[in-house]
Amino acid sequence: MSNPICDLFGIRYPLLMGGITPKPELGAVISNAGGLGCIEGIMQADGLREAIQQFRTMSDKPFSINFPLAQGTPEMTAEKAKVCIEEQVPVVITSAGSPKMITAQLKEGGIKVGHVVASTYHAQKAADAGVDCLIAEPTESGGYRGEHDIAMMVLIPSVRRTVPDIPLAACGTVADRSGIVAVMALGADGVQLGTRIMVTKEAQSSYGDHVAKLVLAATDTSTMSAEGRIRPRISKPDFAEEVLGTSSKRTQMGQVSALIDEIISVEDLFKELFEGGPELARNVVAKFDEIAQTTPVS
């Protein structure tokens, strides 16, 4: 049985890397491991072209460019979309804005398009715009979540019911085998990871030391929503003060930080998810089998 996300993007495992760094090195590691690596497309067009070309010196596997559409002018976004087409980027994932802005342009250029959504309303709008894949981002996530506070337990099944035929990735709340089993049981075809990838051995050169320190020290109350329209989840200032001795160094991080307590390799992360996940799922099925076999009380 095939997986819709793997089939769509030509990857081994249904794992997408979020737009967490403009540096191509970490994305190449994820793509080489069998996922869909990512370059955060926040730079100017010339810088984006250079990052794409650098990526291809490290990997010949599929990858994505992530465009936060709310950042920069429409003209800048269109110029970067043009670069992606010229460089034959296989996938672009858009977020924090209307997918109508560049979806048609990208698809005409032969690029697969995913879009991050935070509600069923936005999921339907993205489907109407012609995107190939949806990435559902709940309130727990560290990314751009918009004005709504919809939890993963509601968002994934709601989006799946609203647009049942489009590949769907769950973004946020996943750091281990239990997380991926849970979101796939809710209806997701795979996951998009940010915070968990930020705290891998291969990611350390892409971030300052404060990022791993904050994530590893986090509890379930260590994050908050930032102000503004796109409202990313960030570390609380008093928490940063406690851990780092200053509140000036904070970071974007999901609530799933509370479940991350060690820096592991990307290889071990994939093993945890895609070897540990099936093992856990079989254990869950066994529990339900035991319930089904129990003689009902008369």
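Higher on the page you've got the structure.
Quick caveat: nothing in here was measured; it's all calculated off a predicted structure.

Participant: Can you walk me through the overall build of the chain in this structure?
Facilitator: Helix and strand counts for the chain stand at 13 helices and 10 strands. Here the C-alpha coordinates of the chain stretch approximately 70 × 50 × 35 Å along the principal axes. Residues classed as buried in the chain amount to 52% of the 298 residues present. For the chain, the exposed surface amounts to about 13,600 Å²; the carbon and sulfur share of it is 51%.

Participant: Sorry if this is basic, but what is going on with the pattern of salt bridges here?
Facilitator: Oppositely charged side chains can pair when the atoms bearing their charge come close. Within this structure, the stated rule accounts for 8 salt bridges. Of the charged contacts, one joins aspartate 189 and arginine 160 as a salt bridge, the two residues approaching to 2.6 Å between their closest N and O atoms. One end of the pair, aspartate 189, is in the loop between helix H8 (177-186) and strand E8 (190-193); the other, arginine 160, is in helix H7 (residues 152-162), with 29 residues separating them in the sequence. You can call aspartate 189 buried: its relative accessible area is 14%. Classification of arginine 160 as buried rests on a relative accessible area of 16%. Residues joined in a network through salt bridges with shared partners are Arg49, Glu86 and Glu87.

Participant: How do you make sense of the packing of aromatic side chains when you look at a structure like this?
Facilitator: Aromatic ring pairs are defined here through the distance separating the ring centres and the angle between the ring planes. If you walk through the whole model with that rule in mind, you get 4 aromatic pairs. Where tyrosine 13 meets phenylalanine 270, the ring centres are 5.6 Å apart and the plane angle is 65 degrees; that geometry is what we call edge-to-face. Taken together, the positions of tyrosine 13 in the loop between helix H1 (4-9) and strand E1 (15-17) and phenylalanine 270 in helix H12 (residues 266-274) put the pair 257 residues apart, joining distant regions of the chain. For phenylalanine 270, a relative accessible area of 6% puts it in the buried group. An aromatic cluster of three or more residues is present, and its members are Tyr13, Phe270 and Phe274.

Participant: How should I be thinking about the pairing of strand E7 (residues 168-171) in this particular structure?
Facilitator: A regular strand places its side chains on the two faces of the sheet in alternate fashion. Alternating residues of E7 divide into Leu168 and Ala170 and Ala169 and Cys171, and every residue in both groups is buried. As defined by bridge partners, strand E6 (residues 133-136) adjoins E7 across 3 bridges and the pair is classed as parallel. For isoleucine 135, the partnering residue across the bridge sits in E7 and is alanine 169. In this structure, E7 lies alongside E8, joined through 3 bridges in parallel fashion. Its bridge partner lying in E8, alanine 169 is registered against glycine 190. Crossover connection from E7 via H8 to parallel E8: handedness right-handed.

Participant: Please clarify how unusual backbone geometry should be interpreted in this entry.
Facilitator: For residues other than glycine, phi is negative in most cases, and the peptide bonds are mostly trans. A positive phi angle is found at glutamine 88, which is not glycine, with a value near 55 degrees. With respect to the secondary-structure elements, glutamine 88 resides in the loop between helix H4 (74-86) and strand E4 (91-95). Positive phi, close to 55 degrees, is recorded for alanine 96, a residue that is not glycine. Within the secondary structure, alanine 96 is located in the loop between E4 and helix H5 (103-108). With relative accessibility at 12%, the residue alanine 96 sits in the buried group.

Participant: How should I be thinking about the side chain of threonine 200 in this particular structure?
Facilitator: Looking at the secondary structure, you find threonine 200 in the loop between helix H9 (195-198) and helix H10 (209-217). A polar contact of 2.8 Å, which involves the side chain of threonine 200, links it to the backbone oxygen of isoleucine 197. Discounting chain neighbours no more than four positions away, the residues touching threonine 200 are Leu26, Ile263, Ile264, Val266 and Leu269.

Participant: Explanation requested: the pairing of strand E3 (residues 63-68) in the structure shown.
Facilitator: A large share of E3 lies buried, amounting to 6 of its 6 residues. Burial of the side chains of E3 extends over both faces: Phe63, Ile65 and Phe67 are buried on one face and Ser64, Asn66 and Pro68 on the other. Bridge count between strand E2 (residues 37-40) and E3: 4 bridges; the pairing is parallel. Its bridge partner lying in E3, cysteine 38 is registered against serine 64. Taken together, E2, helix H3 (residues 45-58) and E3 form a β-α-β motif whose crossover is right-handed. With 5 bridges joining them, E3 and E4 adopt parallel strand pairing. Among the inter-strand pairings, phenylalanine 67 is bridged to a residue of E4, identified as threonine 94. Tracing the backbone out of E3, into H4 and back to the parallel element E4 gives a crossover that is right-handed.

Participant: Which parts of the structure should I look at to understand the nonpolar core?
Facilitator: Considering soluble globular proteins, one finds that nonpolar side chains tend to be buried as a cluster. Ranked by internal contacts, the top residues of the largest apolar core, which has 71 residues, are Leu15, Ile65, Phe67, Leu134 and Ile197. Residues in contact with leucine 15, not counting those within four places in the same chain, are Ile30, Gly35, Leu36, Val191, Leu193, Ile197, Phe270, Leu273 and Phe274.

Definitions and limits used
Counting restarts for each chain: residues are numbered from 1 in the order of the written sequence. Residues qualify for local features only when their pLDDT is at least 70, as the model is predicted, and side-chain atom pairs are given and counted only at 80 or more; totals for whole chains, interfaces and linings, by contrast, use all residues. Each side-chain value is worked out from all heavy atoms of the structure, with water and hydrogens disregarded. Where helices and strands are cited, they refer to DSSP runs of H or I of at least four residues and of E of at least two residues respectively, numbered from the N terminus. For every residue, the accessible area obtained with a 1.4 Å probe (protein chains only) is divided by the maximum for its type, and the residue is called buried under 20%, exposed over 50%, and partly exposed between those limits. Each accessible area is a Shrake-Rupley estimate made with a 1.4 Å probe; only the visible protein chains count as cover when residues are assessed. Definition used for salt bridges: Asp or Glu carboxyl oxygen within 4 Å of a side-chain nitrogen of Lys or Arg. The aromatic pairing rule takes the rings of Phe, Tyr and Trp, using the six-membered ring of Trp, and pairs them if the centres are within 6.5 Å, calling planes under 30 degrees apart stacked, those over 60 edge-to-face and the rest tilted. Being paired, for any two strands, means DSSP has found at least two bridges between them. Note on handedness: a clockwise path from strand one over the helix to strand two, with the strands aimed away from the viewer, defines a right-handed crossover. Throughout this description, a polar contact denotes any pair of N or O atoms lying within 3.5 Å of each other; where both atoms belong to protein, one of them has to be capable of donating a hydrogen while the other can accept it, and for residues adjacent in sequence the pair is counted only when both atoms sit in side chains. In what follows, residue pairs with any heavy atoms lying within 4.5 Å of each other are defined as contacts. Here the nonpolar core consists of buried residues drawn from Ala, Val, Leu, Ile, Met, Phe, Trp, Tyr and Cys, with membership extended through side-chain atoms lying within 4.5 Å.

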